[in-house]
Amino acid sequence: MNVSNSKLVIVDGVRTPFSKMGTDFARTSAVELGRTAVNALLTRTGLDPELVDETIIGNVCQPADAGNIARVIALRSGIPESKPAATVHRNCASGFESLTTAYERMAAGRGEIFVVGGTENMSQVPLLYSFAAAAKFAALSRARTTGQRFAAMSRFRIQDFSPVIGLKLGLTDPVVSLSMGDTAELLAREFDISRGEQDEFALKSHQKAALARERLQGEIAPVFLEKSCVQQDNGVREKQSLESLSKLRPVFARNHGTVTAGNSSQITDGAVALLVMSEARAEQLGLKPLGRITDYHYSGCDPARMGLGPAYAIGELKKKTGLCPEDAEVVEINEAFAVQVLATLKCLESEDFAKRMGLEGAIGAVRRESLNPNGGAIALGHPVGASGSRLVLTALRELRRTGGKRALVSLCVGGGQGGALWLEGV
């Protein structure tokens, strides 16, 4: 069998519910969320864990107590210790990276069956002390006599007890010194996208997700906690209204901003697991896949305008494949911010933007009815390491439901990147 000529198929997938930071999964580690998703996947597919060649999991927040979290998840899920595992990190595209890494492993003849996905607990991102404060705590720990302890304690200042918010640090670009929300505000000004347009987009995300509750339930496995069972996403607001959205204050540019908590993605905890393998191996095992990956691309862009990453990645894919967004029955663009998706749509329709990329004519418009038909991260949430895998799972399930042929999934990436994948239903 010539593995390099085989396509990678997505056999099936499952995810945990997505829960807003500080709610249902506040005390449930990223390891446990990932283990739950992988166990549910193996149970749902009936695959013998001995057949898994490697586990590849995306994770951004990198918990200190679980180095190489993919390995911890794999072992706790019953995958044999002889089978390797790797954690991948491409910020918001980490869930994509797990899938495309498996594709590259397969193409290189280094495995045929992979468990991939992503996991994130954003509730548990720690508070951090400055280097100076940490040095003082270290000195205090080394003190042995009363005098030494007193001297070490006398060096502390009030500011030493004000920790840095790890999550805020992680959501700020170190190159351009802008938070992700600040980059969204920049796009709002440059593309002249109003607060009303953003709020309307956010409202539709909640409305679509509310209507899709039953459909989405098919991709969700329950998470059993000590005294409860979490069975569905808790960020969807069935009674969301433009009036309530309009009352929210801007978060990032308080006096003249347009980006609010209501028209931004929710900070979220959750995990996704996908079973992927070479098409030839799936046929050998008698498995009918959800779909296959046909091509993908990662692009770089200005970190201050990281939200435009999908337009660059989709444009590069058009050069390679000739496919336009209009060729997809389902288009999933991660809703990091409403304004970011709206700006991306404008770029895709712009001949000037395409010309700068070396393309003749616009990249192509996205039919609005095909865009995020089950809602997006504004309603469902954005557990950063897992979102890419969720987009793939949701898109392929939607293709199967509707009988569609192609899906285009894409997202922006903090640090100034974009990722995009073309998928086919089977």
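The written sequence of each chain sets the order in which its residues are numbered from 1. The predicted origin of the model limits local features to residues at a pLDDT of at least 70 and limits the giving and counting of side-chain atom pairs to 80 or more, whereas totals for whole chains, interfaces and linings rest on all residues. Hydrogens and water molecules were not included; the side-chain quantities draw on all heavy atoms of the structure.

*Asks:* Any chance you could explain the packing of aromatic side chains here in plain terms?
*Replies:* Here a ring pair, both rings aromatic, is described through the centre-centre distance and the interplanar angle of the planes. Two rings from Phe, Tyr or Trp (for Trp, the six-membered ring) form a pair when their centres sit within 6.5 Å of each other. Planes less than 30 degrees apart are called stacked, planes more than 60 degrees apart edge-to-face, and all others tilted. Under the counting rule described, the total for this entry stands at eight aromatic pairs. Between Y103 and Y296 the ring centres are 5.7 Å apart and the planes differ by 80°, which places this aromatic pair in the edge-to-face class. On the criterion of sequence distance, the pair formed by Y103 in helix α3 (residues 94-107) and Y296 in strand β13 (residues 291-300) is long-range, its members being 193 residues apart. Type-normalised accessible area, obtained with a 1.4 Å probe on protein chains alone, sets the label of each residue: buried when under 20%, exposed when over 50%, and partly exposed for intermediate values. When its relative accessible area of 14% is taken as the criterion, Y296 is described as buried. Joined through ring pairs, the aromatic side chains of Y129, F137, F156 and F161 make up one cluster. Either the NZ atom of lysine or the CZ atom of arginine qualifies as a charge over a ring when it sits within 6 Å of the ring centre and within 35 degrees of the ring normal. Stacked on the ring of F18, the Lys or Arg R15 has its end atom at 4.6 Å from the ring centre. Geometry around Y298 places R90 over its ring, the cationic atom sitting 3.7 Å from the centre. Helix numbering and strand numbering both begin at the N terminus, where a helix is a DSSP run of H or I of at least 4 residues and a strand a DSSP run of E of at least 2.

*Asks:* Looking at this structure, I do not really get the environment of G358. What am I missing?
*Replies:* Along the chain, the position of G358 falls in the loop between α14 (351-356) and α15 (377-380). Between the C-alpha atom of G358 and that of I267, which follows or precedes it by 91 residues, the distance is 36 Å.

*Asks:* Hey, could you run me through the packing of helix α12 (residues 309-321) against helix α13 (residues 338-348) in this one?
*Replies:* Helix-helix packing is characterised by the crossing angle of the two axes and by the distance between the axes. A fitted line through C-alpha atoms serves as each axis, taken over the contacting stretch for helices, and the angle formed by two N-to-C directions is quoted from 0 to 180°. Interhelical geometry of α12 versus α13 gives an angle of 35° and a closest axis separation of 8 Å. In this structure, the crossing between α12 and α13 has a hand that is right-handed. Residues P310, A311 and I314 of α12 touch α13, and the partners they reach there are Q340, T344, C347 and L348. Each residue gets one label: Ala, Val, Leu, Ile, Met, Phe, Trp, Tyr, Cys and Pro are nonpolar, Asp, Glu, Lys and Arg are charged, and the others, such as Gly, are polar. Of the residues in the contact of α12 with α13, the class split is five nonpolar, two polar and no charged. By definition, any crossing whose near helix is turned counterclockwise from its far helix by less than a right angle is left-handed, and any crossing with a clockwise turn is right-handed. Here, two residues are considered to be in contact whenever any of their heavy atoms come within 4.5 Å of each other.

*Asks:* Can you help me understand the side chain of E97 in this one?
*Replies:* Checked against the element boundaries, E97 lands in helix α3. The exposure class assigned to E97 is buried, which follows from its relative accessible area of 15%. Excluding anything up to four places from it in sequence, E97 contacts V88, R90 and Y298.

*Asks:* Which parts of the structure should I look at to understand helix α8 (residues 195-211)?
*Replies:* Because each turn of an α-helix spans 3.6 residues, side chains separated by three or four positions end up pointing in the same direction. The end-to-end C-alpha distance of α8, which contains 17 residues, comes to 25 Å, matching closely the 24 Å that a straight helix rising 1.5 Å per residue would cover. The secondary structure elements touched by the buried residues of α8 are α7 (180-190), α9 (213-217), α10 (242-246), α13 and α15. Expected helix span is given by 1.5 Å per residue-to-residue step, counting one fewer step than there are residues.

*Asks:* Just checking my understanding: could you explain the pattern of salt bridges for this structure?
*Replies:* When the charged atoms of two side chains lie near each other, side chains of opposite charge can form a pair. A pairing counts as a salt bridge when a side-chain nitrogen of Lys or Arg comes within 4 Å of a carboxyl oxygen of Asp or Glu. Inspection of every chain in the model, using the stated rule, returns 19 salt bridges. Measuring nitrogen to oxygen at the nearest pair gives 2.7 Å for the salt bridge that ties R15 to E219. Residue R15 is located in strand β1 (residues 8-15), and its partner E219 is located in the loop between α9 and β10 (223-224); the two are separated by 204 residues in the primary sequence. Of the two residues, R15 and E219, neither departs from the other in class, the shared state being buried. Close ionic contact of D199 with R195 constitutes a salt bridge, the shortest N to O distance being 2.9 Å. With D199 and R195 both in helix α8, this residue pair falls four residues apart, about one helical turn. Here the two residues D199 and R195 agree in accessibility, since each one is buried. Here the salt bridges share partners, and the residues they tie into one network are R15, E219, D233 and R397.

*Asks:* Would you mind going over the packing of α3 against helix α16 (residues 387-402) with me for this structure?
*Replies:* Where α3 contacts α16, the axes come no closer than 4 Å and their chain directions differ by 70°. Judged on the interaxial angle alone, α16 and α3 are roughly perpendicular. Residue-level contacts link G95, F96, S98 and L99 of α3 to G388, S389, L391 and V392 of α16. Class assignment for the residues of the contact of α3 with α16 results in four nonpolar, four polar and no charged. The labels follow the angle: roughly parallel below 35 degrees, roughly antiparallel above 145, roughly perpendicular from 65 to 115, and oblique for the rest.

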